[in-house]
Amino acid sequence: MNQSIASVKQYCNSLVQYSRRKTVEVKIGDVPMGGDNPIRIQSMTTIDTMDTLGSVEQTIRMVEAGCEYVRITAPSMKEAQNLEAIKKELRVRGYTVPLVADIHFTPNAAELAARLVEKVRINPGNYADKKRFETIDYTEAAYQAELQRIRDKFLPLIRICKEYGTAMRIGTNHGSLSDRIMSRYGDSPVGMVESALEFLRICEDEGYYNIVLSMKSSNPQVMVQAYRLLVQKLDEEGLKPYPLHLGVTEAGEGEDGRIKSSVGIGTLLEDGLGDTIRVSLTEEPEAEVPVAYTLARRYDDRAGHAPIPAMDHYPITPFEYNRRITRDVLNMGGSEHQVPRVIADFSAKEKITAASFFALGYQYSVPLDKWNIGDMACDYIFLGDRTIDFEIPGTLGLIYHHATWLTQRSKDRTYPFIRAEQYIAGVEQSGKANFIYATLQDVTDTLIAKLKVDKTAVLFIDTNNKHGMAEQRRLFVELINQGCDVPVIIGRAYADLSVEQLQLYAATDLGGLLVDGLGDGIFISAVNCGPDKIINETAFNILQATRTRISKTEYISCPSCGRTLFDLQETTAKIRLRTSHLKGVKIGIMGCIVNGPGEMADADYGYVGSGPGRITLYKGKEVVRKNVPTAQAVDELVNLIREHGDWIELAPAGE
């Protein structure tokens, strides 16, 4: 077997046939995880842990929504102790849901909680280390001494978990890697994996295996790479195949949070990775549950999909981002300055007017007789056999079925949509750009040979396979292995879905390719799935979530929990209102110092709860203003952005 395939086989069972990775079964109360069990759904309370009845009531709402595990923060000994009261009241009311204690910084709280609840979560980045953002040059002896210090601090918890039958999640977060890990491995998926493995090796030395692992990041690209690398490293070191807890941390709210979560979680689920899901939204925890459920249930009948051809060589590096190199055709292709393009679908519309374009990011001003182009204005519209009789924006291209294009070809920026068999037969083409429609079955040696020499060709790919992301990835592999650098538009069709289902499914199907650097544009055909505006914005939000095209402000916003020091939903809404026009700026909004400078990872600015009624503001990971009263904090954040030259005045409406 080719060596690259041998290494890839370790991170998933197959790249072309769906099957779940078989893991050890972990006992968590009476709801086991891994093994042959279904993908479990979980969430986390947002009530103060010292509010016993509030925590109980919220837990019940989560369980009624479908939550199978409930995590509760225990930042100190008093909260850890109160877990006993919460659990007792839940049992009195007839609820046996396993409880998970969330621990940061406080080993003594973890040791107490492990005697009271079914599972404890520790973060290896701050369980035995304090983060000061220092770079330390360790000798090998000094590094080994640090590992021994960690072992001494961690062993009591392992022994308590073994004695009480308590499960443990070793949960690495990208933004809270210790200074020690950062100094040796850098801010990377490799560092994330090693952070967990240091603790896992100690567990295995002690014969403790009731463990779940996670590799969370607010960046779905990093998150996907870290989980894949973790699975490979487990195999390389001969460690057990532990269950994986999947999640994109600080995903945010609304459609942004759902799409970002789906890109990360869905990409891994496609390859059979993942045993439990937590979707981290800045909303009530019960709102997270149906999102996770929708993602998980999509794979209940996936195994029976149509076969996808095997491959001899897999040319994609799954542990780092490398964009596929392609030639340029108009504004499409792999040049560094070219972002993936968005193609909207108007082929089924009864009538198309200038007003129809409003939903696609274009606004026509009658008094000024000009088009205003928004940051989410699509690049092309597929019209099929529909035609239009008005002037279009100067940045927009129109794509017609070939026969209709022949009647429109004299107009500027019109291009043909040509089926593979027509293309091979030699139909008339545009001298500028031709969109060649193909599925994997159409990609023959003859087609590839023609595409290689045609500098006007753009491949427009589709799939009817239930395991569509894998089939389209297989198509990309064929192109790469045969040295064909044609740009590719990834097309997917959906029908009769809710808006949320469309967002989750499309983010998984398209995002799973984009995070591996595959695709020069995306096309979503969505019949009876919601308004044109939402479909168009979904495409742009997928590109934003995969970090391949930034079209708006990005908010890295943690879900609320019992540690939160202000109303996250209300505050996030206020910050959005003031800053949503700052395209490309990343703002972290964190409820407490635990989800503070580290968890914000690559945010440009940070807004972090530091005490009751007090906020600390960050530029990057540096504190710039401490203890700002909450009432003034949003204004101060805006002033901070101004001071660093990232502020743009919002133009008045109509300009």
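Residues numbered from 1 in each chain as written. Predicted model: local features only at pLDDT ≥ 70, side-chain atom pairs only at ≥ 80, totals over all residues. Heavy atoms only, no water.

Asker: Give a detailed account of the overall build of the protein, specifying residues and quantitative values.
Answerer: When helices and strands are counted, the protein shows 18 helices and 23 strands. Taking 655 residues into account, the globule formula puts the C-alpha radius of gyration at 26 Å, and the protein, at 26 Å, falls close to it. The burial tally for the protein puts 60% of its 655 residues in the buried class. Residue pairs at least 24 apart in sequence account for 67% of intrachain contacts in the protein once pairs closer than 6 positions are excluded. Only carbon and sulfur atoms are counted for the fraction: they give 50% of the accessible area of the protein, which is about 24200 Å². Of note, the protein has its 74 positive side-chain charges centred 1 Å away from the centre of its 86 negative side-chain charges. (Helix = DSSP H or I, 4+ residues; strand = E, 2+ residues; numbered from the N terminus. Rg over C-alpha atoms; globule rule 2.2 N^0.38 Å. Buried < 20%, exposed > 50% of the residue type's maximum accessible area, 1.4 Å probe, protein only. Contact = heavy atoms within 4.5 Å. Areas by Shrake-Rupley, 256 points an atom, 1.4 Å probe, with all protein chains shown as cover. Lys, Arg positive; Asp, Glu negative; His and termini not counted. Charge placed at Lys NZ, Arg CZ, Asp CG, Glu CD.)

Asker: With reference to specific residues and values, describe a nonpolar patch on the surface.
Answerer: Among the surface-exposed residues, Phe358, Tyr364 and Val366 lie close enough to one another that they form a single nonpolar patch of about 270 Å² accessible area. Locating Phe358 in the fold gives a position in the loop between strand E9 (341-345) and strand E10 (362-365). (Patch = residues over 30% accessible without salt bridge, like charges linked within 9 Å, V, L, I, M, F, W, Y side chains within 5 Å. Salt bridge = Lys/Arg side-chain N within 4 Å of Asp/Glu carboxyl O.)

Asker: Could you give an account of the packing of aromatic side chains, naming the residues involved and the relevant values?
Answerer: According to the stated counting rule, one finds 19 aromatic pairs in the structure shown. Taken together, the ring pairs connect Phe346, Phe357, Tyr362, Tyr364, Trp371 and Phe390 into an aromatic cluster. The ring of Tyr505 has Arg298 lying over it, and the distance from NZ or CZ to the ring centre is 4.1 Å. (Phe/Tyr/Trp six-rings, centres within 6.5 Å; stacked < 30°, edge-to-face > 60°. Lys NZ or Arg CZ within 6 Å of the ring centre and 35° of its normal.)

Asker: Which residues make up helix H2 (residues 52-65), and what values do they have?
Answerer: Over its 14 residues, H2 extends 20 Å from the first C-alpha to the last, a length consistent with the 20 Å expected when each residue adds 1.5 Å. Three or more residues of H2 are buried, namely Gly54, Ser55, Val56, Gln58, Thr59, Ile60 and Met62. Where the residues of H2 are buried, they touch strand E1 (40-44), strand E2 (69-73), helix H3 (77-92) and helix H10 (285-297). (Expected span 1.5 Å × (residues − 1).)

Asker: Mind laying out empty space enclosed by the protein, listing which residues take part and the relevant values?
Answerer: Enumeration according to the criterion identifies 2 cavities of 30 Å³ or more in this entry. The computed volume of the second largest cavity comes to approximately 120 Å³. If you trace the second largest cavity, you find 13 residues lining it, with Asp256, Lys260, Gln544, Lys552 and Glu554 closest to the centre. Broken down by element, the residue count for the lining of the second largest cavity peaks at 3 residues, all from helix H16 (residues 532-545). Residues that form the lining of the second largest cavity fall into these classes: 3 nonpolar, 4 polar and 6 charged. (1 Å grid on protein atoms, 1.4 Å probe; cavity = no way out; pocket = protein on both sides within 12 Å on 5 of 7 lines; lining within 4 Å. Points joined across faces, edges and corners; volume = space filled by probe spheres on them. Nonpolar A, V, L, I, M, F, W, Y, C, P; charged D, E, K, R; others polar.)

Asker: Describe the packing of H2 against H10, and please don't skip the residues or the numbers.
Answerer: Two quantities define a packed helix pair, namely the angle between the axes and the distance from one axis to the other. Remark: H2 packs on H10, axes separated minimally by 9 Å, with the N-to-C direction vectors making an angle of 20 degrees. When the axis of H2 is compared with that of H10, the two are roughly parallel. Crossing handedness for the pair H2 and H10: right-handed. For the pair H2 and H10, the contacting residues are Gln58, Arg61, Met62 and Ala65 in the first and Pro285, Glu286 and Val289 in the second. (Axes fitted to C-alpha atoms, helices over the stretch in contact; angles between N-to-C directions. Parallel < 35°, antiparallel > 145°, perpendicular 65-115°, else oblique. Left-handed = near helix turned anticlockwise from the far one by under 90°.)

Asker: Account for the pattern of salt bridges, naming residues and giving values.
Answerer: Applying the stated criterion across every chain, the model contains 47 salt bridges. Of the charged contacts in the structure, one is a salt bridge between Lys87 and Glu118, with a shortest N-O distance of 2.9 Å. Of this pair, Lys87 sits in helix H3 while Glu118 sits in the loop between helix H4 (107-113) and strand E4 (119-122), and the two are 31 residues apart along the sequence. Judged by its relative accessible area of 12%, Glu118 falls in the buried class. It is possible to trace a salt-bridge network through shared partners that takes in Asp129, Glu146, Arg149, Arg180 and Glu198.

Asker: So what's going on with the sheet that holds E4? Which residues, and what values?
Answerer: By way of backbone hydrogen bonds, the strands of a sheet pair with one another, either parallel or antiparallel. Here we have 8 strands laid out as an open sheet, ordered E6-E5-E4-E3-E2-E1-E8-E7, and parallel in their pairing. Bordering the open sheet on either side are strand E6 (211-216) and strand E7 (245-246), each of which pairs with just one other strand. Pairing between E2 and strand E3 (residues 99-103): 4 bridges, direction parallel. Within E3, the position partnered with Arg71 by the bridge is Val100. (Pairing = 2+ DSSP bridges.)

Asker: Account for the side chain of Asp102, with residues named and values stated.
Answerer: Take Asp102: it is sitting in strand E3. A distance of 2.8 Å separates the side chain of Asp102 from the side chain of Arg71, its partner in a polar contact. (Polar contact = N/O pair within 3.5 Å; in protein donor to acceptor, adjacent residues only side chain to side chain.)

Geometry only, nothing functional implied.
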